[in-house]
Amino acid sequence: MYRRVVWVVTGSGIGPALGPILKSRVPSRLVWSTRNPRATYGDRLVDEVLAAQPDALVWDTSGHLWIHQPAGMERFDPETGEFDRLTRTPHWYVFADPG
């Protein structure tokens, strides 16, 4: 149905998206921003998500730091200096393309 997918989720929004994220049938990219993901959701869940999505971007909003960020991905919007999911989503979509 889809050639590629970008999952942009915040907080517990990871829950409804877990099934397709963990059993992805098309190339995809996960962008997940949440407060202290390992303390909130546990190491097991975060590690399972990263195993299924090794190129995921995981942003800890409580400490304003990356839990996981693949090499070559910009961390912040160049104009505002902030993490901007909305304007960066098209960029991540291109990175989800396998070829």
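Definitions and limits used
Residues numbered from 1 in each chain as written. Predicted model: local features only at pLDDT ≥ 70, side-chain atom pairs only at ≥ 80, totals over all residues. Heavy atoms only, no water. Helix = DSSP H or I, 4+ residues; strand = E, 2+ residues; numbered from the N terminus. Buried < 20%, exposed > 50% of the residue type's maximum accessible area, 1.4 Å probe, protein only. Contact = heavy atoms within 4.5 Å. Areas by Shrake-Rupley, 256 points an atom, 1.4 Å probe, with all protein chains shown as cover. Phe/Tyr/Trp six-rings, centres within 6.5 Å; stacked < 30°, edge-to-face > 60°.

Draft legend 1. Region of the structure containing the overall build of the chain. Looking only at helices and strands, the chain has 4 helices and 4 strands in total. Listing every helix and strand of the chain by position from the N terminus yields β-α-β-α-α-β-β-α. Taking all 99 residues of the chain together, the buried fraction comes to 36%. Restricting the contact set of the chain to residue pairs at least 6 apart, pairs at least 24 apart contribute 46%. With an accessible surface of roughly 6,000 Å², the chain has 52% of that area assigned to carbon and sulfur atoms.

Draft legend 2. Expanded view of the environment of Gly 11. With respect to the helices and strands, the residue Gly 11 is situated in the loop between strand E1 (5-10) and helix H1 (14-22). Residue Gly 11 is classed as buried on the basis of its relative accessible area of 17%. For the pair Gly 11 and Arg 35, spaced 24 residues apart in the sequence, the C-alpha separation amounts to 6.8 Å. Not counting residues within four places of it along the chain, the set of residues in contact with Gly 11 comprises Trp 32, Ser 33, Thr 34 and Tyr 41.

Draft legend 3. Molecular detail of the packing of aromatic side chains. With the rule as written, the count across this model stands at 1 aromatic pair. Ring centres of Trp 32 and Tyr 41 lie 5.4 Å apart, and the angle between their planes is 50°; on these two criteria the pair is classed as tilted. Overall, the relative accessible area of 25% leaves Tyr 41 in the partly exposed class.

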